[in-house]
Amino acid sequence: MEKVIAYHCGPALAGIKTANLVSINKKKFPQAETEIAQLNNHFNKKGIYFECICQCDERLLILVYRKQLLQEYLKSHDIAQKLHSYGYSEKGGLEQHLDFLKRRMKNNSFPHEIGAFLGYPAQDINGFINHKDEGVLLVGEWKVYSDVEGAKKAFRRYCSCRNALVKRIDKGNSLADIFCAA
């Protein structure tokens, strides 16, 4: 399971992205909830959190985030306004926002403002929510509606990070070893 997390969440673990999502198959990883709790034991003291934001009989959807980075990003003006427009409290902190996101995840439609939690640029979140495929300039980690060069640079960094982490996992290192969180 650590290899799956390293691949999908490496940028957040490495601190070059506020957060990443990973979907964990419960049948493939029957001890996933226990393993997530153990990862939190190792990583919370480093400011890294593994939080289940949604689950069903088959899967867990885990948000892996750098608490300080995510708090700061959600407080930024454009992002805070976007979240408020979806019913998030203006005065709420990270925990309240995550609780509200979890409630929205239980509805039938996927809350597209989740891009704010993943550190996507506000213009790209707005573009996706308001225009879907119209005006898309690039598709990568997310749909890009502005700053193509900045997005390309970020995508390359995320890819390099993932590859480096997966190589280390393949050599027998654990995530706790790699990030000195043991």
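Quick look at the structure, then. Predicted, not measured: the structure shown is a model, and the values here were computed from it.

## With respect to the pairing of strand β2 (residues 48–55)
Logical step 1: Where β2 lies against strand β3 (residues 59–66), seven bridges are found, and the strand directions are antiparallel. Along β3, the bridge assignment pairs Cys-54 with Leu-61.

## A short note on the pattern of salt bridges
Logical step 1: The final tally for this structure, using the stated rule, is seven salt bridges.
Logical step 2: Two residues, Lys-143 and Asp-133, come together in a salt bridge whose shortest N-O distance is 2.3 Å. With Lys-143 in strand β5 (residues 143–144) and Asp-133 in the loop between α7 (122–131) and β4 (138–139), this pair connects stretches of sequence that are ten residues apart.
Logical step 3: Here Lys-152 makes a salt bridge to Glu-149, at a shortest N to O gap of 3.7 Å. Highlighted residues: Lys-152 and Glu-149, both in helix α8 (residues 148–170), separated by three residues, approximately one helical turn.
Logical step 4: Exposure remark for Lys-152: the relative accessible area of 33% places this residue in the partly exposed category.

## Points about the nonpolar core
Logical step 1: Core analysis: the biggest nonpolar cluster contains 31 residues, and Leu-63, Leu-74, Phe-117 and Trp-142 have the highest contact counts within it.
Logical step 2: Of all the secondary structure elements, the ones that give two or more residues to this core are β3, α3 (67–75), α4 (77–85), α5 (94–105), α6 (114–117), α7 and α8.
Logical step 3: Excluding anything up to four places from it in sequence, Phe-117 contacts Thr-18, Ala-19, Leu-70, Leu-74, Leu-83, Tyr-88, His-97, Leu-98 and Leu-101.
Logical step 4: Ranked by size, the runner-up nonpolar core spans 24 residues in total, among them Ala-12, Phe-29, Leu-60 and Ile-169.

Quick notes on the rules
Residues numbered from 1 in each chain as written. Predicted model: local features only at pLDDT ≥ 70, side-chain atom pairs only at ≥ 80, totals over all residues. Heavy atoms only, no water. Pairing = 2+ DSSP bridges. Helix = DSSP H or I, 4+ residues; strand = E, 2+ residues; numbered from the N terminus. Salt bridge = Lys/Arg side-chain N within 4 Å of Asp/Glu carboxyl O. Buried < 20%, exposed > 50% of the residue type's maximum accessible area, 1.4 Å probe, protein only. Core = buried A, V, L, I, M, F, W, Y, C linked by side-chain atoms within 4.5 Å. Contact = heavy atoms within 4.5 Å.

Bear in mind that shape data such as this cannot, by itself, settle questions of function.
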